Amino acid sequence: MSNTRTIKAIGIKEHGDLDVIQELEFPAPTPKDDQVVIKVEYAGVNFIDTYERAGVYKSPSFPKILGKEAAGTIVSLPTSPSVTQDKEYQLRGLSVGDRVVTIDDGFFAEEIAVSWPKVVKLPDGVSTKLAAATALQGLTALTFATESYNIQKGDIVLVYSAAGGLGLNLTQIATHRGATVIATVSSEAKAEIARANGAKHVIITTQQNVVDEVLRITDGVGVYAVFDGVGKDTFEDNFKIIRRKGTFVSLGNASGIPPLFQPLRLGEKNIKLIRPRLFGYITTPEEIRTYQDQYNSLIASGAVKPTIHKEYPFTAEGIKQSHIDLSSRGTVGKLIVKVA
């Protein structure tokens, strides 16, 4: 018998400005035999949502539900024997009613059907609200701080835009591991936030020169690693402030795409340059579970304390306002949507 029950979702029927965001109605998910159905409680808002709405990233079809990260409770589980007998699936210990977190696509919806490898159970110390607020940025920070450059005790690292969601995560993870964080921010108010989250040195970019300050702090040697989400405006300066054999992690283009450069420049100080993507680090079921479990443990232990900027209603107007606020770059921490 066909499923006549419907769910509410929020998305777009075409690319464009804020006015293309609308409430949509879909049949309740009819899962494949390898999928988990989740009743969504909270969903996170990310810059990629604004890119997909505007058409920077083209959607192959419409209507398209927005949203890349969510947390909630399990409604139903996979039925395929190939899944239920899989050792990695069994390690998840999933049951109906469990609180879980997931990363994929189309999550501004009351219910979602997700391939089981992307679903991870939450420990008692992590709420669905915190999980939805940290899924993408938290795993991005943890994987980049582990695989792009493995931050160690005694390292000195530079984190740009340290009062943003990703920057705060990187700062807290680096501090937890015993590294010294030099943070850049745009205002004194954001400087206080960076300090409160572990940054030992804070550079206010509207008042100070980043190159001069980093070289002063490091006695002219430079930092072990740079985590730079600014892009074009800071790209050249990074070559001046990375120490010999240091690592340049380019993780965003907020000011524009960096210029082309000759790889020979890396040889001046034997610098490593990497432009990572989260999903290149969490491709296998084991990688997804391992990193999500590690990050959940950091939250549960208090080593990472997520900052939530604002909670928005599950309406078209609520999502529009979240896009306005996020694009203003005046937010501190994470924007989330209360779905249920």
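Here, every reference points to the structure presented above.
Remember, predicted model here, so these are calculated numbers, not experimental data. (Residues numbered from 1 in each chain as written. Predicted model: local features only at pLDDT ≥ 70, side-chain atom pairs only at ≥ 80, totals over all residues. Heavy atoms only, no water.)

A few points about helix α7 (residues 210-217)
Link 1 in the chain: Within the sequence span of α7, burial applies to Val210, Val211, Glu213, Val214 and Ile217. Around the axis of α7, the buried residues are gathered within 165° of arc, so they sit on the same side. Facing away from the buried side of α7 by more than 90 degrees, the exposed set consists of Asp212 and Arg216.
Link 2 in the chain: At the N-terminal boundary of α7, the capping side chain belongs to Asn209, with an oxygen 3.1 Å from the backbone nitrogen of Val211. (Buried < 20%, exposed > 50% of the residue type's maximum accessible area, 1.4 Å probe, protein only. Helix = DSSP H or I, 4+ residues; strand = E, 2+ residues; numbered from the N terminus. Arc of directions from axis to C-beta. Polar contact = N/O pair within 3.5 Å; in protein donor to acceptor, adjacent residues only side chain to side chain.)

Some thoughts on the pattern of salt bridges
Link 1 in the chain: Going through the model one piece at a time under the given rule, you end up with 18 salt bridges.
Link 2 in the chain: Glu236 serves as the salt-bridge partner of Arg265, at 2.8 Å between the closest nitrogen and oxygen. Taken together, the residues span a long stretch of sequence, with Arg265 in the loop between β13 (242-250) and β14 (272-274) and Glu236 in helix α8 (residues 235-241) at a distance of 29 residues.
Link 3 in the chain: The exposure class assigned to Arg265 is partly exposed, which follows from its relative accessible area of 24%.
Link 4 in the chain: Among the ionic pairs, Glu317 bridges to Lys320, the shortest N-O distance being 3.3 Å. Taken as a pair, Glu317 and Lys320 lie in helix α11 (residues 316-327) at a separation of three residues, close to a single helical turn.
Link 5 in the chain: Judged by its relative accessible area of 54%, Glu317 falls in the exposed class.
Link 6 in the chain: Lys320 gets classed as buried once you look at its relative accessible area, which sits at 17%.
Link 7 in the chain: Linked through salt bridges whose partners overlap, the residues forming this network are Glu52, Lys64, Lys68 and Asp105. (Salt bridge = Lys/Arg side-chain N within 4 Å of Asp/Glu carboxyl O.)

A few points about the environment of Val83
Link 1 in the chain: Residue position: Val83 is located in helix α2 (residues 81-84).
Link 2 in the chain: Sequence spacing of Val83 and Asn197 is 114 residues, and the spatial spacing of their C-alpha atoms is 41 Å.
Link 3 in the chain: Beyond its immediate chain neighbours, meaning those up to four positions away, Val83 contacts Asp33, Asp34, Pro78, Tyr89 and Trp116. (Contact = heavy atoms within 4.5 Å.)

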